[in-house]
Every structure is written in structure tokens, then in C-alpha cells.
Amino acid sequence: EEIEEATLRELRIFLREICAKLARNRTFYIFTKPVDEEVVPDYRDIIKEPMDLETMMTKIDQHEYECAQEFLCDIDLICTNALEYNPDRNPEDKIIRHRACTLRDTAYAYIKAEMDTDFEDKCREIRDRR
Ligand SMILES: O=C(C1CCC1)N1C[C@@H]2C[C@H]3C[C@@H](O)[C@@H](O)[C@]2(C1)O3
């Protein structure tokens, strides 16, 4: 109902700011757009569910996240995709894996620092009931 819609609007505003802040960080530049299949033809043979920060911003606007935990699941997906596609000991893969882990840890830290646990609990209660 109306009070619940106000809560979900507030969640979307909060998630847009977190997502924008991550996308502004040059360390995470490689995670801001989908991997181009013309540049990396085998990417989608290996990674079954691609994810990136621009796609996540679109998902926010399409009301596809009903709580912060669901947003963090897509952050985890960006991270695990990068670890799986770039597993080798060469320096380039190691840099991508380090950046992926830093993206994950930074996203969790921002949400823990800036989100009221009661607000997240309220979002989950609304989601669970719908
Ligand atoms: O996994 C990723 C991105 C990191 C998050 C998404 N790739 C993009 C790189 C560009 C291109 C070159 C390859 O050597 C390999 O580094 C990647 C794999 O393909």
C-alpha cells in the first residue's frame, strides 16, 4: 500500500546512490558495462549470467530490487563471474580478481555503513509478504 511504496521509493534512491558511487570509482571501471561479446566472443559460453553496474542501475529503475540483499546478490554475481572467467596466475587475471574482490567488499561496506538495519528488515518483510 502507499506507505510501503514510499519505503520502496526510498530504497531505490539509496541503491542508485550506492551504485553511482561504485561506478565513479576508476578501480571498478571494467565492471561498469556488459562484456562486449564482439571483443570477448567466448565470454557467454563460460559466464551464464553476465552482470555489470549499468545493468544494475537499470534494474533499480525497473523496480527489480525489493531489498538491499537482492542488490548485493548482483554485486556478488559480478564478482564470481570475474573470478570464474579470469582464474589464471598471470598478472592480468590477478588484477581483475583483486578488483572484483575490492568491488564486493566496498559494496558491502557502503551498505553496512549507510543503511539502517530496521529499514532493510522492513523492505524484506514487504518482499516476503508479496
Ligand atoms: O571478465 C572480464 C571483465 C572484468 C569484469 C568483466 N573480462 C573483460 C576482459 C577484457 C577482455 C580481455 C580478456 O583478456 C579478459 O581480460 C577479459 C575478461 O576479456
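In this report, we go over the structure that sits alongside the text. Since the structure is predicted, the reported quantities are computational estimates derived from the model, not experimental observations.

Focus on the site of the ligand
No. 1: Taken together, the residues surrounding the ligand are Ile 30, Phe 31, Val 35, Val 40, Tyr 43, Tyr 85, Asn 86 and Ile 96.
No. 2: Taking Asn 86, its side chain carries an N or O atom lying 3.0 Å from an oxygen atom of the ligand.
No. 3: Each residue belonging to the shell around the ligand can be placed in one class, and the counts come to seven nonpolar, one polar and no charged.

Section: the side chain of Asp 52
No. 1: With respect to the secondary-structure elements, Asp 52 resides in the loop between helix 2 (43–46) and helix 3 (53–61).
No. 2: In this structure, Asp 52 is buried with no salt-bridge partner, the nearest side chain bearing the opposite charge being Arg 44 at 6.9 Å.
No. 3: Within the structure, the side chain of Asp 52 is placed 3.0 Å from the backbone nitrogen of Glu 54, a separation counted as a polar contact.
No. 4: Dropping the residues within four chain positions of it, Asp 52 is found in contact with Phe 31, Thr 32, Lys 33, Pro 34 and Ile 78.

Looking at helix 1 (residues 2–24)
No. 1: When the terminal C-alpha atoms of helix 1 are compared, their 33 Å separation across 23 residues agrees well with the 33 Å that a helix rising 1.5 Å per residue should span.
No. 2: What helix 1 keeps buried is the set Glu 4, Thr 7, Leu 8, Leu 11, Arg 12, Phe 14, Leu 15, Ile 18, Cys 19, Ala 20 and Leu 22.

Here's the deal with the side chain of Thr 106
No. 1: Here Thr 106 lies in helix 5 (residues 91–114).
No. 2: Engagement of the side chain of Thr 106 in a polar contact is seen with the backbone oxygen of Thr 102, the distance being 2.6 Å.
No. 3: Among residues more than four places away in sequence, those in contact with Thr 106 are Leu 22 and Phe 28.

Regarding the packing of aromatic side chains
No. 1: Summed over all chains, the structure comprises two aromatic pairs.
No. 2: Taking the centre distance of 4.9 Å and the plane angle of 55 degrees together, the rings of Tyr 43 and Tyr 85 count as tilted. Of the two residues, Tyr 43 sits in helix 2 while Tyr 85 sits in helix 4 (residues 68–85), which places them 42 residues apart along the sequence.
No. 3: Judged by centre distance (5.6 Å) and plane angle (75 degrees), the rings of Tyr 65 and Phe 71 are edge-to-face. When sorted by exposure, Tyr 65 lands in the same class as Phe 71, which is buried.
No. 4: The ring of Tyr 110 has Lys 21 lying over it, and the distance from NZ or CZ to the ring centre is 4.3 Å.

Concerning the nonpolar core
No. 1: Ranked by size, the top nonpolar core spans 30 residues in total, and within it Leu 22, Met 56, Phe 71 and Ile 111 carry the most contacts.
No. 2: When contributions to this core are tallied by element, the ones reaching two or more residues are helix 1, helix 3, helix 4, helix 5 and helix 6 (117–129).
No. 3: The greatest single-element share of this core, amounting to eight residues, is contributed by helix 4.
No. 4: Excluding anything up to four places from it in sequence, Phe 71 contacts Leu 15, Ile 18, Cys 19, Met 56, Ile 60, Tyr 65 and Ile 111.

Parameters and conventions
- Residues numbered from 1 in each chain as written.
- Predicted model: local features only at pLDDT ≥ 70, side-chain atom pairs only at ≥ 80, totals over all residues.
- Heavy atoms only, no water.
- Near = heavy atom within 4 Å.
- Polar contact = N/O pair within 3.5 Å; in protein donor to acceptor, adjacent residues only side chain to side chain.
- Nonpolar A, V, L, I, M, F, W, Y, C, P; charged D, E, K, R; others polar.
- Helix = DSSP H or I, 4+ residues; strand = E, 2+ residues; numbered from the N terminus.
- Buried < 20%, exposed > 50% of the residue type's maximum accessible area, 1.4 Å probe, protein only.
- Lys, Arg positive; Asp, Glu negative; His and termini not counted.
- Salt bridge = Lys/Arg side-chain N within 4 Å of Asp/Glu carboxyl O.
- Contact = heavy atoms within 4.5 Å.
- Expected span 1.5 Å × (residues − 1).
- Phe/Tyr/Trp six-rings, centres within 6.5 Å; stacked < 30°, edge-to-face > 60°.
- Lys NZ or Arg CZ within 6 Å of the ring centre and 35° of its normal.
- Core = buried A, V, L, I, M, F, W, Y, C linked by side-chain atoms within 4.5 Å.

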